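For reference, the chains in residue letters:
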Amino acid sequence: MKRPSLTLSTLASAVSFCFAAPAFAATACADLAKLALPDTKITVAERVPAGGFSAPGAQQPLQVPALCRVAGTVAPAINFEVWLPEGSTWNGRFQAVGGGGLAGIISYPAMAEAARGGYASSSTDTGHVASDTAWLYDRQRVVDYGYRAIHEMTMKAKAVIQEHYGRAPEYSYFNGCSTGGRQGLMTAQRFPEDYDGIVSGAPVFRFTNLHMGQLWTAHATLKKPGALLTRDDFTRVGEAAVAQCDAHDGVKDGIIADPRTCEFDPTKLQGFRPEQIEALKLVYQGAVNPRTGGQIYPGLEPGGEGPQPGNPGWAMIMNGQTPFAIDNAVIGGMGFGNPNWDWKTFDFDSDVGLVNAKLFGALNAVNPDLRDFKNGGGKLIVWHGWNDPGVMPQQTLDYFDDVVEYAGKATGGDGAAFTDEYTRLFMLPGVGHCRGGVGPDQVDWMAALAGWVEKGTKPATITATAMRDGKVAMTRPLCPHPQVARYKGRGDTNDVASFECALPE
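Nothing here was measured: the structure is a model prediction, and the numbers come from that model. (Residues numbered from 1 in each chain as written. Predicted model: local features only at pLDDT ≥ 70, side-chain atom pairs only at ≥ 80, totals over all residues. Heavy atoms only, no water.)

Novice: Help me understand the packing of aromatic side chains in this model?
Specialist: Per the counting criterion, the structure on display carries 21 aromatic pairs. Ring centres of W90 and Y165 lie 3.7 Å apart, and the angle between their planes is 5°; on these two criteria the pair is classed as stacked. With W90 in the loop between β5 (78–85) and β6 (93–97) and Y165 in helix α3 (residues 139–165), this pair connects stretches of sequence that are 75 residues apart. Each ring, one from W216 and one from F348, has its centre 5.1 Å from the other, and the planes form 85°; the classification is edge-to-face. (Phe/Tyr/Trp six-rings, centres within 6.5 Å; stacked < 30°, edge-to-face > 60°. Helix = DSSP H or I, 4+ residues; strand = E, 2+ residues; numbered from the N terminus.)

Novice: Could you clarify how one ought to interpret the side chain of D258 in this entry?
Specialist: Tracing the chain through its elements places D258 in the loop between α6 (231–245) and α7 (274–285). A polar side-chain atom of D258 sits 2.7 Å from a polar atom in the side chain of R260. Residues in contact with D258, not counting those within four places in the same chain, are W386, V484 and P504. (Polar contact = N/O pair within 3.5 Å; in protein donor to acceptor, adjacent residues only side chain to side chain. Contact = heavy atoms within 4.5 Å.)

Novice: Hey, could you run me through the sheet that holds β5 in this one?
Specialist: To summarise the sheet geometry, strands pair through backbone hydrogen bonds and adopt either a parallel or an antiparallel arrangement. Across the sheet, 9 strands lie side by side as β1-β4-β5-β7-β6-β8-β9-β12-β13; this open sheet has mixed pairing. Each end of this open sheet is capped by a strand with a single partner; those strands are β1 (40–48) and β13 (423–428). Mean inter-strand twist for the sheet, computed between neighbouring axes without regard to direction, equals 15°. Here helix α13 (residues 445–455) sits on the sheet in contact with β6, β8 (171–177), β9 (197–201), β12 (379–385) and β13, set at roughly 155° to β12. (Pairing = 2+ DSSP bridges. Axes fitted to C-alpha atoms, helices over the stretch in contact; angles between N-to-C directions.)

Novice: For this particular structure, what's the right way to read the packing of α3 against helix α4 (residues 179–190)?
Specialist: Packed helix pairs are specified by the crossing angle of their axes together with the interaxial distance, meaning the distance between the axes. Between α3 and α4, the least distance of the axes is 10 Å, while the angle of their chain directions is 70°. Taken together, α3 and α4 sit at an angle that is classed as roughly perpendicular. The two elements α3 and α4 cross, and the hand of that crossing is right-handed. Contacts between α3 and α4 pair Y145, G146, Y147 and I150 from the former with T179, R182, Q183, M186, T187 and R190 from the latter. Each residue belonging to the contact of α3 with α4 can be placed in one class, and the counts come to 4 nonpolar, 4 polar and 2 charged. (Parallel < 35°, antiparallel > 145°, perpendicular 65-115°, else oblique. Left-handed = near helix turned anticlockwise from the far one by under 90°. Nonpolar A, V, L, I, M, F, W, Y, C, P; charged D, E, K, R; others polar.)

Novice: What exactly am I supposed to notice about unusual backbone geometry here?
Specialist: Note: most residues except glycine have negative phi, and most peptide bonds are trans. The step from A75 to P76 runs through a cis peptide bond, and the omega angle for that step is 5°. The residue P76 is located in the loop between β4 (67–74) and β5 in this model. Omega for the peptide link from H481 to P482 comes to 15°, which places this bond in the cis form. Phi is positive for A103, close to 60°, though the residue is something other than glycine. With respect to the helices and strands, A103 occurs in the loop between β6 and α2 (108–116). If you check the backbone angles, C434 has positive phi at about 75° while not being a glycine. With respect to the helices, strands and loops of the structure, C434 is situated in the loop between β13 and α13. On the basis of relative accessibility, which here comes to 12%, the residue C434 falls in the buried class. (Buried < 20%, exposed > 50% of the residue type's maximum accessible area, 1.4 Å probe, protein only.)

Written out as structure tokens, the structure is:
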């Protein structure tokens, strides 16, 4: 629910309501077990005391405030939970959190973080448990995973919040990365009324093509004998890329600010076999149709090839033996319906259309028309780490460009200006998939989003922090695309104040 404008009369009414509202919940926690919701069975309604909570399947307790925990199932098999901070610890807002990979679990750590921030929170396993594979061959459950589960979770969570607190949340937010980023974009496209603000990190929005792109990287080391690259090889490649391109932002710090300005040529590498060079060229190029030359999915970027703190590097998806595990499930399971599918047989010409004909509409969040989300007052922050080894960063830039281009055509005006009113993209130098890497990866996205939604403060820059051994090692500004952070030429290179946002040279 969006906050109305505060005239003197509405402000007086709001103040009156605050003093008149009861200090207790409209419905006690335990009584939420009796709540009747469409196609839903409430399975848990219990109070969780402040302190360490042992969430199902968690390796260690999560620190939470005192809260009411509600769990339920939406037919056929969408499990969800809603956490409701007690009394005055609730900030009046709702923050749903996204999942990762193929989901199959409740995102308890993300829910705990949201609850510690005062938010009522929710999460869903999207209609299956992680140990199950039968769902890959069930069309309804694939659709649930694709988009239905998040919407159903959202509707049920809002109903539970309303029942427990006696009022709806003032603002509703969605926060996710990777699969969660895709879930956020899918929601903005299909259900624009569900949230006032969305944070979409490293979104897997071209879901099917991503897994084709990952298969391409795995195939790259199969082209010829001797093409296999080890972790040490990837480290050497990454060091060469950084040595060539690091200083483009005005400071040498081991971070490539914008890999698009780095014309890195792997053919100049020393000590590599020709087959390895060819494999690297294929990965930087990205997946293409061998017959038409059309791009199927972008390639990876220079700078993140080798392992880094919290970032496994390219070996995660290219080891010369097997593809990334999820690729088999998506292409072989969902796409071809074959649990014994051989990933080495994928045809980057004929198989692309076959898989997309079956899965594209259910899993891909590619619609650039976000006008309904904007017209409802929604705000969207999209972000991506440049050193992401799993979800190619260029695809996020491509989607943003599609949104801008569509807005221009649809409105007959300045698409960039129209889009900038409700959407901003931030690229994170040196950062891996959702976290990790050599760049600052700690960012308070929710503060930036809430400030934009609730106060109209458009995020001109956002500070990112790198923590090392529990201490702040570096702060840098994140700049709205297409700007990048550039060193001013003076001051501490680990201090955000020494940088400014500018267009890349």
